[in-house]
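In case you want the letters, here they are:
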Amino acid sequence: MKRSNEPVFWGMFGAGGMVAALFTPIAILITGLLVPLGIIPAEQFSYERVLAFSQHWLGAAVIWVIVSLPLWLCMHRLYHTLHDFGIHAGNLVKALFYGVAFAGSVACATLLLLGLI
Amino acid sequence: MAEVMKIEILRYRPETDKEPVWQTFDVPFTREMSLLEALAYIKDELDPTLSYRWSCRMAICGSCGMMVNGIPKLGCKTFLRDYPKGMKVEALANFPIERDLVVDMSDFIEKLESVKPYIINDNPKSLDDGCHTQSPKDMAQYKQFSMCINCGLCYAACPQYGLDKSFTGPAALAILHRYNQDNRDAGKAERMKIVNAEEGAWGCTFVGYCSQVCPKDVDPAAAIQLGKVDSAKDYVIAMFKPGE
Ligand code: SF4
Ligand code: FES
């Protein structure tokens, strides 16, 4: 039997799952509810402050983790759901699915890095 | 006073039936009566041609697996009183039907054999060295997974096995994990080749239905997830050992 390269994707999926379970709800709560409802004053999340946050290496890292890792979770889940529905997608579809997660991660990193330099 | 229940059974007699057909039997039952006893009643009193497998009558031999209203069950651990609306009984799903409720389990047996379900040790301790101590913690690593009775219910429940028969499957992977976790065993490296494969732990998408239907609370789904963790570690180690 051939060694599967699934551990790589499963690792990213696991990391993404952790982020999506622990941090994504907080991010949604803050940006989707608390700020629009005025419970957190909007100026705390003003464009300038958020920009400054993203231009600090720690802030950039936090944004990258919250944006990129759940992408891997989603694409992994969707890909395996195809299989569960009896659609046995080949390597092309696999490349496409994980490619989306990869492209998203790289795009996010690039934009953040541009802000850092 | 015995009540009467309608039991529908999917019959298949290869010499007369082109395909499986349903047949209904009226079975008088009492509170204590199991499905296995109902089948015995049918065979003794109504139709001696009915075929089904059984041995222990106490959920330990694993022979009497069958589908009851579409759910994999042991006939001897299923009671008529719990099915007031009647029962539809069929051969275990995901296996070829041999005759009536008897399925061909050869593939399952091969999978069980393939994981080397025994302690492998090229240098066993001699009796003079005294007994092999194992702490409660050592034992807790594998005990639950050693309770499997090889009934195959988890294979009937597993959608992955249903889709692709090359998947090693829940019970075999649980038993594999059981031996890998036993500190008297030295065969882990051999077995990891199976765990690491697409046909091994990675064929599982963690549906978890296997653990729900298991009559012995083995929780094969948990064993497979632990197998994935093992395999992921093995993957990282292999990156630093090229040529393997
Ligand atoms: S793991 Fe449970 S359901 Fe599967 S064969 Fe063993 S006892 Fe039966
Ligand atoms: S007859 Fe042995 S498990 Fe049911």
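Note that this is a predicted model, so its numbers are computed, not measured. Within each chain, residues carry numbers counting from 1 in the order of the written sequence. Chain letters start at A and ligand numbers start at 1, both assigned in the order the entries are written. Only residues with pLDDT of 70 or above have their local features reported here, since the model is predicted, and side-chain atom pairs are shown and tallied only from 80 upward, although totals for entire chains, interfaces and linings are computed over all residues. With hydrogens and water excluded, all non-hydrogen atoms of the structure serve as input to the side-chain values.

**Describing the overall build of chain B**
Part 1 of the argument: Within chain B, the regular secondary structure consists of nine helices and seven strands.
Part 2 of the argument: Expressed along its principal axes, the backbone C-alpha trace of chain B runs to roughly 65 × 40 × 30 Å.
Part 3 of the argument: Only protein chains enter the accessibility calculation, which uses a 1.4 Å probe; a residue whose area is less than 20% of its type maximum is buried, one above 50% is exposed, and one in between is partly exposed. Counting the 244 residues in chain B, one finds 46% classified as buried.
Part 4 of the argument: The contact criterion used throughout is that any non-hydrogen atoms of two residues lie within 4.5 Å. Taking contacts inside chain B between residues at least 6 apart in sequence as the whole, the part at least 24 apart equals 62%.
Part 5 of the argument: By element, 53% of the accessible surface of chain B is carried by carbon and sulfur atoms, the whole surface being about 12700 Å².
Part 6 of the argument: This count recognises Lys and Arg as positive and Asp and Glu as negative, with His and chain-terminal groups excluded. The atom standing in for a charge is NZ when the residue is Lys, CZ when it is Arg, CG when it is Asp and CD when it is Glu. Averaged over its 29 positive side-chain charges, chain B has a centre that lies 3 Å from the centre of its 34 negative ones. Every helix listed is a DSSP run of H or I at least four residues long, and every strand listed is a run of E at least two residues long, numbered separately from the N terminus. Exposure was quantified through the Shrake-Rupley algorithm and a 1.4 Å probe, taking into account, for residues, occlusion by the shown protein chains and nothing else.

**With respect to the interface of chain B and chain A**
Part 1 of the argument: Taken together, the 19 residues of chain B in the interface contact 15 residues of chain A.
Part 2 of the argument: Each of two parts loses accessible area, computed with a 1.4 Å probe, when they are put together; buried area is these two losses added. Taken together, the two surfaces of chain B and chain A that pack against each other cover about 1500 Å², and 63% of this comes from carbon and sulfur.
Part 3 of the argument: In terms of surface lost to chain A, no three residues of chain B exceed Leu163, Trp202 and Tyr235 of chain B, which account for 39% of the buried area on that side.
Part 4 of the argument: Any carboxyl oxygen of Asp or Glu within 4 Å of a side-chain nitrogen of Lys or Arg constitutes a salt bridge here. On inspection of chain B and its partner chain A, the count reaches one salt bridge.

**What about the site of ligand 1?**
Part 1 of the argument: The cutoff for a nearby residue is simple: one of its non-hydrogen atoms must lie within 4 Å of the molecule or strand. What surrounds ligand 1 is the set Cys148, Ile149, Asn150, Cys151, Gly152, Leu153, Cys154, Ala171, Cys214, Pro215, Val218 and Pro220 of chain B.
Part 2 of the argument: Charged means Asp, Glu, Lys or Arg here, nonpolar means Ala, Val, Leu, Ile, Met, Phe, Trp, Tyr, Cys or Pro, and polar covers whatever is left, Gly included. A per-class count over the shell around ligand 1 returns 10 nonpolar, two polar and no charged.

**So, the packing of helix 6 (residues 170-180) of chain B against helix 7 (residues 188-195) of chain B**
All names here are of chain B.
Part 1 of the argument: Interaxial distance between helix 6 and helix 7 falls to 10 Å at its minimum, and their mutual angle equals 155°. Between helix 6 and helix 7, the interaxial angle falls into the category roughly antiparallel. Note that helix 6 runs across helix 7; the crossing there is left-handed. Within the contact between the two elements, helix 6 uses Leu176, Tyr179 and Asn180 and helix 7 uses Lys188, Arg191, Met192, Ile194 and Val195.
Part 2 of the argument: For the contact of helix 6 with helix 7, the residue count by class is five nonpolar, one polar and two charged. Inter-axis angles, ranging from 0 to 180 degrees, are taken between N-to-C directions of lines fitted to C-alpha atoms, where helices are fitted over the stretch in contact. Roughly parallel means an angle under 35 degrees; roughly antiparallel, over 145; roughly perpendicular, 65 to 115; everything else is oblique. Here is the rule for handedness: rotate from the far helix to the near one, and if that takes an anticlockwise turn smaller than a right angle the crossing is left-handed, while a clockwise turn gives right-handed.

**Some thoughts on unusual backbone geometry**
Residues and elements named next belong to chain B.
Part 1 of the argument: Located in the positive-phi region is Asn69, a residue other than glycine, with phi close to 50°.
Part 2 of the argument: Taking relative accessible area as the criterion, Asn69 reaches 39% and is therefore assigned partly exposed.
Part 3 of the argument: Its identity is not glycine, yet Phe206 carries a phi of approximately 60°, on the positive side.
Part 4 of the argument: As for its position among the elements, Phe206 is in the loop between helix 7 and helix 8 (209-213).

**Examining the domain arrangement of chain B**
Residue and element names in this part refer to chain B.
Part 1 of the argument: Here the domain parsing of chain B yields domain 1 (3-103) and domain 2 (106-239).
Part 2 of the argument: Each of domain 1 and domain 2 has a C-alpha centre, and these two points are 30 Å apart.
Part 3 of the argument: Every contact between the two is made by 16 residues of domain 1 and, on the other side, 17 residues of domain 2.
Part 4 of the argument: The contact between domain 1 and domain 2 buries some 1100 Å² in all, and 64% of this surface belongs to carbon and sulfur atoms.
Part 5 of the argument: Run the count over domain 1 and domain 2 and you get zero salt bridges.
Part 6 of the argument: In protein, a polar contact means a hydrogen-donor-capable atom and an acceptor-capable atom, both N or O and within 3.5 Å, with residues adjacent in sequence counting only if both atoms are side-chain atoms; elsewhere, any N or O pair within 3.5 Å suffices. Our count for the contact surface shared by domain 1 and domain 2 stands at five residue pairs in polar contact (both at pLDDT 80 or more). For the purposes of this description, domain bounds are those given by an automatic or database domain assignment.

**Description of the packing of helix 1 (residues 6-22) of chain A against helix 2 (residues 24-34) of chain A**
Residue and element names in this part refer to chain A.
Part 1 of the argument: Running from N to C, helix 1 and helix 2 cross one another at 40°; their axes reach a closest spacing of 3 Å. Relative to helix 2, the element helix 1 lies oblique. Listed contacts from helix 2 to Val19, Ala20, Ala21 and Leu22 of helix 1 are Thr24, Pro25 and Ile26.
Part 2 of the argument: Taken together, the residues of the contact of helix 1 with helix 2 break down into six nonpolar, one polar and no charged.

**Examining the confidence of the model for chain B**
Part 1 of the argument: Of the residues in chain B, 98% reach a pLDDT of 70 or more, and the chain-wide mean stands at 95.
Part 2 of the argument: Here the predicted complex carries an ipTM of 0.74, next to a pTM of 0.88. Each residue carries a pLDDT score, the predictor's own confidence in it, on a scale running from 0 to 100.

**A look at the pairing of strand 1 (residues 3-11) of chain B**
All names here are of chain B.
Part 1 of the argument: Note: strand 1 against strand 2 (residues 21-29), nine bridges, orientation antiparallel. Along strand 2, the bridge assignment pairs Leu10 with Trp22.
Part 2 of the argument: For two strands to be treated as a pair, DSSP must find no fewer than two bridges joining them. As paired elements, strand 1 and strand 5 (residues 87-90) share three bridges and run parallel to each other. Directly across from Glu8, in strand 5, lies its bridge partner Lys88.

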